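What follows is the residue order along each chain.
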Amino acid sequence: MANYEQLKHRIDNGEVIILDGAIGTELQSMGVPMHPAAWCGPGNYTHPSTVRQMHERYIRAGADVITTNTFNTIRPALEASGYPDLVREINVRAVDAAREARDRVEVEKPVYIAGSISCRIPVRDQRTGTLLGGTGFGYGASLPAEELRAYSDEQADILAESGIDLFIMENMWADNDSRMIAAEAAKATGLPVWVGFTASVADDGETVRMNFGDERNAYSSGMGMPLWTSSWRSVNYDMTLAEGVKEVASLNPDAISVFHSRISETAAALQVVLDQWSGTVVLYPDAGRTDYLETWQDSSVANEETADELTQEATKWIETGAQVIGTCCGFGANYTKALSTALPDRVNGC
């Protein structure tokens, strides 16, 4: 049976570790409809066999670590999706699907289960108190810190009780407060925690930031109406990636990752992380597609980068200092297979 101490031993011995790939868009490509508020989360309840099969694909493709389908199964997201009474059920089923997949697929190396937590949640209407659907969903800034902390604690406890091996925190964009809140909730369970950042290069061509421009304008009701209000929790949109990493490093996580960022910007982000952090670095870029929130994925639309092109870049990242490599939205099991086949087995000097 896999456990994190085994994984840590492999990391300490210089092995290159393969993380799985896209969860939501892989399920989307397999026919699981995406929900506008909870995205792929309800699939644990409505399509559990497909979720399990998705994990099996990644294990067969060579993934050492698979990620639970819980990126957006925090309570407010499920509440806005019509599942307020199934928060525990949907999160438990996600872990069960990963564990069942691990049991069903025979591979030579152990497979570890990472419990995903983010806070990509709908916006609470200040007039009625209800959670609104739409395309914005933010990263928790519409909720007070105390409320967000309660939701993060709840999800972290459920995932830990259900049998994950580690946490992988997937908080997006510039709200580092929500990232800290979620990471603290995960660490409180006693399990190892990998904390992730998204990254982009600013207009000056040098500064690596955590946001993607004027994020507040990205919030809408789905009808082109902005939802951001002055009552939202304050966010430092100017915080650089270096500042964010330094703040999170104070929590002593087990790894720091850069995810859901374009391949072209991941190398710059990697160097920033290495300047601020001496521990394990995880990289898993995304394909930059524009149909993540569509109900169904158009399989005729190809990614900009091929699996070979990704592998070439990932080899450079390992040479620079990354040790765990995977992929994010838009890059599926075929990319994982390419990485597991072509990347070196060990980091430089080991």
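Our structure's up above, just so we're on the same page.
Since we're looking at a predicted model, the values are computed, not measured.

(A) Representation of the sheet that holds strand β11 (residues 280-286) within the structure. One open sheet accounts for eight strands, arranged β1-β12-β11-β10-β7-β6-β3-β2; its pairing is parallel. The open sheet has two free edges, formed respectively by β1 (17-18) and β2 (65-67), since each of these has just one partner strand. By the bridge criterion, two bridges tie β11 to strand β12 (residues 324-325) in an arrangement that is parallel. For Leu-283, the partnering residue across the bridge sits in β12 and is Ile-325.

(B) The packing of helix α7 (residues 145-162) against helix α8 (residues 176-187), seen in detail. At a minimum axis separation of 8 Å, α7 and α8 run at an interaxial angle of 35°. The handedness of the crossing between α7 and α8 is right-handed. Across the interface between the two elements, Ala-145, Leu-148, Arg-149, Ser-152, Asp-153 and Ala-156 from α7 touch Ser-178, Ile-181, Ala-182, Glu-184, Ala-185 and Ala-186 from α8. Counted by class, the contact of α7 with α8 contains seven nonpolar, two polar and three charged residues.

(C) Region of interest: the pattern of salt bridges. According to the stated counting rule, one finds 18 salt bridges in the structure shown. In this structure, Arg-102 engages Asp-165 in a salt bridge whose closest nitrogen and oxygen atoms are separated by 3.0 Å. Highlighted residues: Arg-102 in helix α6 (residues 87-104) and Asp-165 in the loop between α7 and β6 (166-169), separated in sequence by 63 residues. Asp-165 sits in the buried class, given a relative accessible area of 10%. Counted as one network, the salt bridges with shared partners bring together Arg-10, Glu-15, Asp-64 and Lys-109.

(D) Local environment of the packing of aromatic side chains. The full count for this structure, using the stated rule, is four aromatic pairs. Judged by centre distance (5.9 Å) and plane angle (75°), the ring pair of Trp-39 and Phe-71 falls under edge-to-face. In this pair, Trp-39 is assigned in the loop between α2 (24-29) and α3 (43-46) and Phe-71 in the loop between β2 and α5 (75-80), connecting sequence segments 32 residues apart. Consider the rings of Phe-259 and Tyr-284, whose centres lie 5.4 Å apart with planes at 25°: the pair is stacked. Residue Phe-259 is found in strand β10 (residues 255-262), and its partner Tyr-284 is found in strand β11; the two are separated by 25 residues along the sequence.

(E) Looking closely at helix α9 (residues 241-249). Within α9, the full set of buried residues consists of Leu-241, Gly-244, Val-245 and Val-248. When α9 is viewed along its axis, its buried side chains cluster within an angular range of 95° and face the same direction. Its buried side turned inward, α9 meets α8, β7 (193-197), β9 (208-209), β10 and α10 (263-276).

(F) Seen up close, the side chain of Ser-257. If you trace the backbone, Ser-257 turns up in strand β10. What makes Ser-257 buried here is its relative accessible area of 0%. Apart from residues no more than four positions distant in its own chain, Ser-257 is found in contact with Val-195, Gly-196, Phe-197, Val-282 and Tyr-284.

(G) Representation of unusual backbone geometry. One non-glycine residue, Trp-173, adopts positive backbone phi at about 70°. Structurally, Trp-173 can be placed in the loop between β6 and α8. Residue class for Trp-173 comes out buried when judged on its relative accessible area of 17%. If you check the backbone angles, His-260 has positive phi at about 45° while not being a glycine. Assignment of secondary structure puts His-260 in strand β10.

(H) Fine view of the pairing of strand β3 (residues 112-117). Among the six residues of β3, six are classified as buried, and the element is accordingly described as predominantly covered. Here β3 shows a buried face lined by Tyr-112, Ala-114 and Ser-116 and a second buried face lined by Ile-113, Gly-115 and Ile-117. Taken together, the three bridges between β2 and β3 define a ladder with parallel strand orientation. Note that in β3 the partner of Ile-66 across the bridge is Ile-113. Here β3 runs beside β6; their pairing, made up of four bridges, is parallel. The residue bridging Gly-115 from the neighbouring strand is Phe-167, located in β6.

(I) Representation of α10 in the model. With 14 residues, α10 should reach 20 Å at 1.5 Å per residue; the first-to-last C-alpha distance of 21 Å fits that figure. Inspection of α10 places Ile-263, Glu-265, Thr-266, Ala-269, Leu-270, Val-272 and Val-273 among the buried residues, and these make up the whole buried set.

(J) Structural context of the nonpolar core. Counting 92 residues, the largest nonpolar core has Phe-167, Trp-194, Leu-241, Trp-317 and Ile-325 as the members making the most contacts within it. Tyr-83, Cys-119, Leu-148 and Ile-158 belong to the second-largest nonpolar core, a separate cluster that totals 13 residues.

(K) A look at the packing of helix α4 (residues 48-61) against helix α12 (residues 333-342). Running from N to C, α4 and α12 cross one another at 20°; their axes reach a closest spacing of 8 Å. The angle between the axes of α4 and α12 places the two elements in the roughly parallel class. Judged by the sense of rotation from one axis to the other, the crossing of α4 with α12 is right-handed. Mapping the contact onto sequence places Arg-57, Tyr-58, Arg-60 and Ala-61 in α4 and Ala-333, Thr-336, Lys-337 and Ser-340 in α12. When its residues are assigned to classes, the contact of α4 with α12 shows three nonpolar, two polar and three charged.

Conventions we followed
Residues numbered from 1 in each chain as written. Predicted model: local features only at pLDDT ≥ 70, side-chain atom pairs only at ≥ 80, totals over all residues. Heavy atoms only, no water. Pairing = 2+ DSSP bridges. Helix = DSSP H or I, 4+ residues; strand = E, 2+ residues; numbered from the N terminus. Axes fitted to C-alpha atoms, helices over the stretch in contact; angles between N-to-C directions. Left-handed = near helix turned anticlockwise from the far one by under 90°. Contact = heavy atoms within 4.5 Å. Nonpolar A, V, L, I, M, F, W, Y, C, P; charged D, E, K, R; others polar. Salt bridge = Lys/Arg side-chain N within 4 Å of Asp/Glu carboxyl O. Buried < 20%, exposed > 50% of the residue type's maximum accessible area, 1.4 Å probe, protein only. Phe/Tyr/Trp six-rings, centres within 6.5 Å; stacked < 30°, edge-to-face > 60°. Arc of directions from axis to C-beta. Expected span 1.5 Å × (residues − 1). Core = buried A, V, L, I, M, F, W, Y, C linked by side-chain atoms within 4.5 Å. Parallel < 35°, antiparallel > 145°, perpendicular 65-115°, else oblique.

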